[in-house]
Amino acid sequence: MDLIGDQQSFLDYCLALVGAGLTLLVSAVVGLYLWPLRRRQPHRAAGHPLDFAAATRVAETIMAAEAADPLLRPESRSRLLSHGSRTDRVVLLLHGYTHAPEQYDELAEEFFARGYNVWLPRAPRHGTVDRRAHHQVEADELTAYAARALTVAAGLGDEVGVVGISGGAVLAAWLAQVRGDVVRRLLLLSPFFGPDPRQAPAFAVKPLIVLYGRRILPDRVTSRGYSLSAVTQYLAIARGLPGPPRRSGLVTAAVAISPLDGVVDRRAAVAVPARIAEANGITLRVHELPESLGLRHDVLDLAALGPDESDLRRRYVALYEGEPEPTSGLAGTTSGGG
């Protein structure tokens, strides 16, 4: 027996296996980055325009169905704040991932008191007694939900704007692009266009979208209760925004974010809407909340702010309307983004 020859053959075999494994690994990584994220053409706000009566009937039908559903938490149902007739201004409020319409309780009342009709629809698989139901949410049903919600809102008033927080801000930006003929004002609160780089570096986002968003890997749930399979649905929508951004009828755009936010990529939170604003020839207003408020990702968690709560509500409305911000004890920093 040629022992040396046998050992060399074995070594060559091992090296060949390692080489093949590395080739497969590299091919898999390259495949993940080249994998197209869009499954089909994005869902657009469909259907014919609704008048006030028809839009109200649609909203009331949704609310009645939710009231009859024992699997929905009563406080988390869709709600309509209506002045009883079509108003000059209407705002659509899109809540964040894992939340429900009650996230906007205080801000919705502020808009309503200023004469707005307000529509607060519940996102699919949210607000249920099963706190894990949102793990199964899909990008297509989120965009379909946002599109239907905008159709209802457009029937309730003349000038239509959208406010979104976190994942809801991604849907708000999507609406401002695919239905630029309708959306005139845009306010994004803690927008989730990407995760905080300390949680997931930028180069890992697309593989995460492919592996978890397509449910190739078993779901994982973070310490915040976020399902990776669900979170990546919002990231897929964010990655699918038109590029370059489309010019539309947008007249104001603003972002509010906390320096204590450890969930979102704060650079992307400004850069993405800044490009949308630039395409529309307007300046993005960026407001950084003061650290002293103690607000982190959920900048609508206003209940514990005491007297600052009403100041912050008014500040959000001023950002939305493009008006000078009210003078108050809230310092913060507001600037033009870009």
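Residues numbered from 1 in each chain as written. Predicted model: local features only at pLDDT ≥ 70, side-chain atom pairs only at ≥ 80, totals over all residues. Heavy atoms only, no water.

Q: What's the story with the environment of Glu325 in this structure? I'm lost.
A: In this fold, Glu325 is placed in the loop between α9 (308-321) and β8 (333-337). Owing to a relative accessible area of 18%, Glu325 belongs among the buried residues under this scheme. (Helix = DSSP H or I, 4+ residues; strand = E, 2+ residues; numbered from the N terminus. Buried < 20%, exposed > 50% of the residue type's maximum accessible area, 1.4 Å probe, protein only.)

Q: Explain the environment of Arg131 here, please?
A: Assignment of secondary structure puts Arg131 in the loop between β3 (117-120) and α4 (139-154). For the pair formed by Arg131 and Gly225, sequence separation is 94 residues and the distance between their alpha carbons is 9.3 Å.

Q: Explain the pattern of salt bridges to me, please; I cannot follow it from the model alone.
A: Two side chains bearing opposite charge may form a pair once their charged atoms approach each other closely. Inspection of the entire model under this criterion finds 16 salt bridges. The salt bridge involving Arg89 is made with Glu321; its shortest N-O contact spans 3.0 Å. Of this pair, Arg89 sits in strand β2 (residues 87-94) while Glu321 is found in helix α9, placing the two residues 232 residues apart along the sequence. Exposure remark for Arg89: the relative accessible area of 28% places this residue in the partly exposed category. Glu321 gets classed as buried once you look at its relative accessible area, which sits at 13%. It is possible to trace a salt-bridge network through shared partners that takes in Glu110, Arg114, Glu309 and Arg313. (Salt bridge = Lys/Arg side-chain N within 4 Å of Asp/Glu carboxyl O.)

Q: For this particular structure, what's the right way to read unusual backbone geometry?
A: Both trends apply: most residues other than glycine have a negative phi, and most peptide bonds are in trans. Look at the link from Gly243 to Pro244: it is a cis peptide, with omega at 0°. Topologically, Pro244 is positioned in the loop between α7 (228-239) and β6 (252-257). Even without a glycine there, the phi angle at Arg125 is positive, about 65°. Structurally, Arg125 can be placed in the loop between β3 and α4. Not every positive phi belongs to a glycine, and Ser190 is a case in point at roughly 45°. With respect to the helices and strands, Ser190 occurs in the loop between β5 (183-189) and α6 (202-213).

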